[in-house]
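A look at the structure
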Amino acid sequence: MSTTNAATLPVAVTGLGAYLPERVVTNDDLARVLDTSDEWIRTRTGIRERRVVAADQATSDLAIEAGRRALRQAGVAATDLGAILVATTTPDHTVPGTAPLVAAGLGAEVAAFDVNAACSGFVYGLQIGGSLVATSGEPVLVVGAEALTRIVDPGDRSVAILFGDGAGAVVLEPDVDARLGPFDLGTDGRDPSMLWTRAGGTREPASEAVLADGGHYLTMRGGDVYRNAVARMTASSQRVIEAGGIKVGDVDLFVGHQANLRILEAVRSRLGIAEDHCHITVDRHGNTSAASVPLALADARDAGVLHGGATILLTAFGAGLTWGSCLLTWRGDA
Ligand code: UT7
């Protein structure tokens, strides 16, 4: 069962920034090195291309650029932030966290910590960050950033085609007229092997044997993940709609975790949300895990489909299993 919190926070998004690495990898590029095809990838996932980090880039580099853009738009200095949260499942290093590196890159010595809830991390970060804003009155930067192409086996066609790299960030600030929430967050950790990187942690540290059998790569039981993604995101979205006292028809924009077009379509139609109220970026970004929701939000803003006062439904699902959903009223100046 999830933790559903019916409270809404008087917190607004006042800055929204995105950063995508320059290198574009198309399905045809992958089909030249893997036993796959553009047709298979498009029909099974909706993905046409994805961005891939440069050799000298890591997750913090993407996060710093997205954060810088969000701060510039909000007109907030990094040194004025109360905290920086980085949602990521692909940290630069096992130790330390990525958020302190991002804070340093932005020129601040503020509180900074990682949130690892896999693909749901950004929604988790919004509730934690929003709560910090509401209690401290200080602005908070929440970043979703990933370099997933660094942890997939480039020779494994079942996962190498799915993932992309990027970062999205929001600045949250107090605003008595704004509403962030309700939130619904949940986990089911009974079978982590459904989607995991088996080795390289404390259960099975890195060793020659791990390198030899590829235990340091991300693996997934796609069908099981697919079924859980549809069921969990649908139920979690329904809980925040009910807790928010709104009707499905009141949702102006549905931004789901961009893992697979068929998953998004299944969730959208089960919820009864109209097709033109759903924003899609998986075709151009692939699955960017914790970065996918803020990247899709920024893409919606750039496409001109976000207007002041809009009610946005965010929902995400990922490894763990984890899931999370929330409502967000758009202020219109981000
Ligand atoms: O961010 C966390 C959330 N992650 C997700 O939501 C991912 C969820 N899962 C999925 O999106 C889908 O399960 C996949 C897209 C990963 C796979 O689609 P599927 O329809 O479940 O395919 P499948 O795994 O059942 O594989 C069907 C066939 C298999 O061949 P056989 O056994 O039928 O001969 C696979 O070997 O397709 C084969 N296959 C491929 N063929 C061409 C698997 N990957 C590929 C590939 N190209 N890239």
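Refer to the preceding data block for the structure.
Residues numbered from 1 in each chain as written. Predicted model: local features only at pLDDT ≥ 70, side-chain atom pairs only at ≥ 80, totals over all residues. Heavy atoms only, no water.

**Here's the deal with the side chain of Gln-258**
- Tracing the backbone shows Gln-258 in the loop between strand E12 (253–256) and helix H9 (261–271).
- Looking at Gln-258, its side chain comes within polar contact range of the main-chain nitrogen of Thr-281, at 2.8 Å.
- Non-local contacts of Gln-258, meaning those with residues more than four positions away in its chain, are made with Leu-264, His-279, Ile-280, Thr-281, Val-282, Gly-286, Asn-287, Thr-288, Ser-292 and Ala-296. (Helix = DSSP H or I, 4+ residues; strand = E, 2+ residues; numbered from the N terminus. Polar contact = N/O pair within 3.5 Å; in protein donor to acceptor, adjacent residues only side chain to side chain. Contact = heavy atoms within 4.5 Å.)

**What about the site of the ligand?**
- Around the ligand sit 22 residues in total, of which Thr-36, Arg-44, Cys-119, Asn-260 and Asn-287 are the nearest.
- The contact in question runs from an oxygen atom of the ligand to an N or O atom on the side chain of Arg-44, over 2.8 Å.
- Isolated, the ligand exposes 950 Å² of accessible area, and the fraction of that covered by the protein chains is 69%.
- Counting residues per element, the shell around the ligand draws most heavily on helix H8 (residues 222–243), at four residues. (Near = heavy atom within 4 Å. Areas by Shrake-Rupley, 256 points an atom, 1.4 Å probe, with all protein chains shown as cover.)

**A closer look at the pattern of salt bridges**
- Throughout the structure, instances matching the rule amount to 18 salt bridges.
- Connected through shared salt-bridge partners, Asp-191, Arg-221, Asp-224 and Arg-227 make up one network. (Salt bridge = Lys/Arg side-chain N within 4 Å of Asp/Glu carboxyl O.)

**What to know about the packing of H8 against H9**
- The contact between H8 and H9 brings their axes to 9 Å, and the two run at 35°. The way H8 lies across H9 gives a crossing that is right-handed. Contacts between H8 and H9 involve Tyr-226, Ala-229, Val-230, Met-233, Thr-234, Ser-237 and Gln-238 from the first element and Arg-262, Ile-263, Ala-266, Val-267, Arg-270 and Leu-271 from the second.
- Partitioning the contact of H8 with H9 into residue classes produces eight nonpolar, three polar and two charged. (Axes fitted to C-alpha atoms, helices over the stretch in contact; angles between N-to-C directions. Left-handed = near helix turned anticlockwise from the far one by under 90°. Nonpolar A, V, L, I, M, F, W, Y, C, P; charged D, E, K, R; others polar.)

**Looking at the sheet that holds strand E14 (residues 322–329)**
- Read across the sheet, five strands follow the order E1-E9-E14-E13-E12 without closing on themselves; strand pairing throughout is mixed. The sheet is open, and its two borders are formed by strand E1 (3–5) and E12, each paired with just one other strand. Averaged over all pairs of adjacent strands, the angle between their axes in this sheet comes to 10°, without regard to strand direction.
- Of the pairings in the sheet, the one linking E12 to strand E13 (residues 311–318) comprises four bridges and is parallel in character. Across the sheet, residue Leu-253 finds its bridge partner in E13, namely Ile-312.
- H8 contacts E1, strand E9 (180–187), E13 and E14 of the sheet and is inclined by roughly 145° relative to E13. (Pairing = 2+ DSSP bridges.)

**Notes on the state of the cysteines**
- This model, assessed by the stated rule, comprises zero disulfides.
- Between Cys-278, a free cysteine, and Cys-326, which holds the nearest cysteine sulfur, the sulfur-to-sulfur gap is 16 Å.
- Residue Cys-278 is classed as buried on the basis of its relative accessible area of 12%. (Disulfide = S-S within 2.5 Å. Buried < 20%, exposed > 50% of the residue type's maximum accessible area, 1.4 Å probe, protein only.)

**Topic: helix H4 (residues 99–106)**
- When we look at burial in H4, the residues that qualify are Ala-99, Val-102, Ala-103 and Leu-106. Down the axis of H4, the buried side of the element spans an arc of 100°, and every buried residue falls inside it.
- On its buried face, H4 is in contact with helix H3 (59–74), strand E5 (83–87), strand E6 (111–115) and strand E7 (140–147). (Arc of directions from axis to C-beta.)

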